[in-house]
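Spelled out, the chains give:
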Amino acid sequence: MTDRAVAERLNVPRGTVGWWRHEDRGKRGERVASRPSLLCPVCDNQPLDRASYAYLLGLYLGDGYIGVYAKHKVPSLLLTMDNAWPGLQDVAEAALRAVFPHNATCRLRRKGCQNLKVYFKHLTCLFPQHGLGKKHERAIALVGWHQEIVNQHPWAFLRGLIHSDGCRITNWTEKTVSGVRKRYEYPRYFFSNVSADILRLHTDALDAVGVEWRPANQRRAVENVSVAKRASVALMDAHIGPKY
C-alpha cells in the first residue's frame, strides 16, 4: 500500500507513515537512496510559480515565520491563519503546494486558528528576510529577484499582505440633508503593521497599481494605511475583495 492509503486508513498524517517506514528500514539495515536535493528555485534554478510566490511572500511578511528547531533537521515555514476566514486558509495552503510542489504541507489546529506548515531545506533562500528577532526590529527589504516578481505580480503580493495584516471594512457617517438625518456607508481598506519597511513595501505596491492611499489614525506603535477613494476601493475590490 502507498503511504497515502495507509495514512487515510489509520487517520494519521502521511508524513508519519513515511517516518515509520524510514525507521523500519533503518532497523533492518536497509540502505535507502536519498532523493536529489536539487529542488531550490534559487540555488538550483528550478521552476517557481511566481504569482503564488508573490502571494506567499505577502502572507509571510504579515503572519509567517521560519522556525529552526534543534530536534528537526529541516527548517519550517509556518503561517498562522484565523479560523474566522476558512477560505483564506484554503488559498494559503494552495499557494504553499504551488510553491513547494515536492514538499508535503500540514495544518496544526490551535485555539481560534490553524498553523499551515511546510518543511524545506532552502526556506531561507526563498525568504532571505528571515532573521533573529521580530520583523519590525530588523531591516526588511526585497532582493533583486524578489522585486522582479513583485513587479510582475503586484496584486498577488498585495493580496497576501491584505489577507494577513489587512482588512476591508464598511465605514459610516451621518449627515443632515434638507433637515433629514441620513446615514451613509462606504467601504474602505486598511493595512496595519509595526514595521516601517513592510509598510513601505505595501505602499510601493499600491503606487505601482495606481491605488491612492493615505496614512490613517496612528495608535501606539502600529501604523495604518487607508484606501478610501471610491475608484481605488473599486480597484481593490476587483483584485482582492473582502476576506472569506
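The structure displayed is predicted, hence computed values, not measured ones.

On to the sheet that holds strand β7 (residues 214–215). One open sheet accounts for four strands, arranged β5-β6-β8-β7; its pairing is antiparallel. In this open sheet, the two strands that pair with only one neighbour each are β5 (166–177) and β7. In the sheet, strand β6 (residues 180–193) pairs with strand β8 (residues 223–227) via five bridges, with the strands oriented antiparallel. Across the sheet, the residue bridging to F191 is V225, located in β8.

This brings us to helix α8 (residues 196–208). Compared with the 18 Å implied by 1.5 Å per residue over 13 residues, the 18 Å span of α8 between its first and last C-alpha is a close match. Of all the positions in α8, only I198, L199, L201, H202, T203, A205 and L206 are classed as buried. Looking at the packing, one finds that the buried side of α8 touches α3 (50–63), α7 (154–165), β6, β8 and α9 (230–239). Between the side-chain oxygen at the start of α8 and the backbone nitrogen of D197 there is a gap of 3.3 Å, and the oxygen is on S195. Positive backbone phi, at 80°, marks G210, one or two positions downstream of α8.

Time to look at the pattern of salt bridges. This model, assessed by the stated rule, comprises ten salt bridges. Residue R97 is joined to E93 by a salt bridge in which the shortest nitrogen-to-oxygen separation is 2.8 Å. Placement of the pair is R97 and E93 together in helix α4 (residues 86–99), with a separation of four residues, close to one helical turn. A relative accessible area of 45% means that R97 is categorised as partly exposed. With its nearest N and O atoms 2.7 Å apart, the salt bridge here joins R107 to E93. With R107 in strand β3 (residues 105–110) and E93 in helix α4, the pair connects residues that are 14 residues apart, well separated along the chain.

A few words now on the nonpolar core. Ranked by size, the top nonpolar core spans 51 residues in total, and within it L56, L77, F100 and F127 carry the most contacts. In terms of residue count, α3 provides more of this core than any other element does, eight residues in total. Sequence-distant contacts of L77, defined by excluding residues within four places in its chain, comprise L56, Y60, Y65, I66, L96, F100, L116, K117, V118, L123 and F127.

Enumeration over the complete set of coordinates arrives at four aromatic pairs. Note on Y53 and W145: the rings are 5.5 Å apart at their centroids and 35° apart in plane angle, and the pair reads as tilted. Here W145 lies in helix α6 (residues 144–152) and Y53 lies in helix α3, a separation of 92 residues in the sequence. Among the residues examined, Y53 registers a relative accessible area of 0% and is labelled buried. Here Y60 and F127 contribute two aromatic rings whose centre-to-centre distance is 4.9 Å and whose plane-to-plane angle is 45°, an arrangement assigned as tilted. Highlighted residues: Y60 in helix α3 and F127 in the loop between α5 (123–126) and α6, separated in sequence by 67 residues.

Below, the discussion takes up the sheet that holds strand β1 (residues 64–67). Strand order in the open sheet formed by four strands is β1-β2-β4-β3, with antiparallel pairing between adjacent strands. The sheet is open, and its two edges are formed by β1 and β3, each paired on a single side. Here the strands of the sheet are splayed against their neighbours by 25° on average, with no regard to which way each runs. Summarising the sheet, strand β2 (residues 76–82) and strand β4 (residues 113–119) pair through seven bridges and their orientation is antiparallel. Among the inter-strand pairings, T80 is bridged to a residue of β4, identified as N115. Relative to the sheet, α3 contacts β1 and β2, its axis offset from that of β2 by approximately 80°.

The next subject is the side chain of H146. Assignment of secondary structure puts H146 in helix α6. H146 gets classed as buried once you look at its relative accessible area, which sits at 0%. Within the local environment of H146, its side chain forms a polar contact with the side chain of Y53, the two groups lying 2.6 Å apart. The residues touching H146, leaving out its near neighbours within four places in the chain, are Y53, L57, L126, P128 and Q129.

Criteria and thresholds
Counting starts from 1 at the beginning of each chain's written sequence and moves along it residue by residue. Confidence filtering applies because this is a predicted model: local features only for residues at pLDDT of at least 70, side-chain atom pairs given and counted only at 80 or more, and all residues used for totals across whole chains, interfaces and linings. Water and hydrogen atoms play no part in the side-chain values, which are based on all heavy atoms of the structure. One bridge is not enough; two strands pair if DSSP finds at least two bridges between them. Each helix corresponds to a stretch of at least 4 residues labelled H or I by DSSP, and each strand to a stretch of at least 2 residues labelled E; elements are numbered beginning at the N terminus. Multiplying one less than the number of residues by 1.5 Å gives the expected span of a helix. Only protein chains enter the accessibility calculation, which uses a 1.4 Å probe; a residue whose area is less than 20% of its type maximum is buried, one above 50% is exposed, and one in between is partly exposed. We call two residues contacting when some pair of their heavy atoms lies within 4.5 Å. As used in this structure description, the phrase polar contact means that two N or O atoms lie within 3.5 Å; if the pair is within protein, one of them must be able to donate a hydrogen and the other to accept it, and residues adjacent in sequence are counted only when both atoms belong to side chains. A side-chain nitrogen of Lys or Arg and a carboxyl oxygen of Asp or Glu constitute a salt bridge if their distance falls within 4 Å. Note on terminology: a nonpolar core comprises buried Ala, Val, Leu, Ile, Met, Phe, Trp, Tyr and Cys residues joined through side-chain atoms within 4.5 Å. Here a Phe, Tyr or Trp ring, Trp counted by its six-membered ring, pairs with any other such ring whose centre lies within 6.5 Å, and the pair is stacked when the planes are under 30 degrees apart, edge-to-face when over 60, and tilted otherwise. Fitting a line to C-alpha atoms yields each axis, with helices limited to the stretch in contact; the angle taken between N-to-C directions then spans 0 to 180 degrees.

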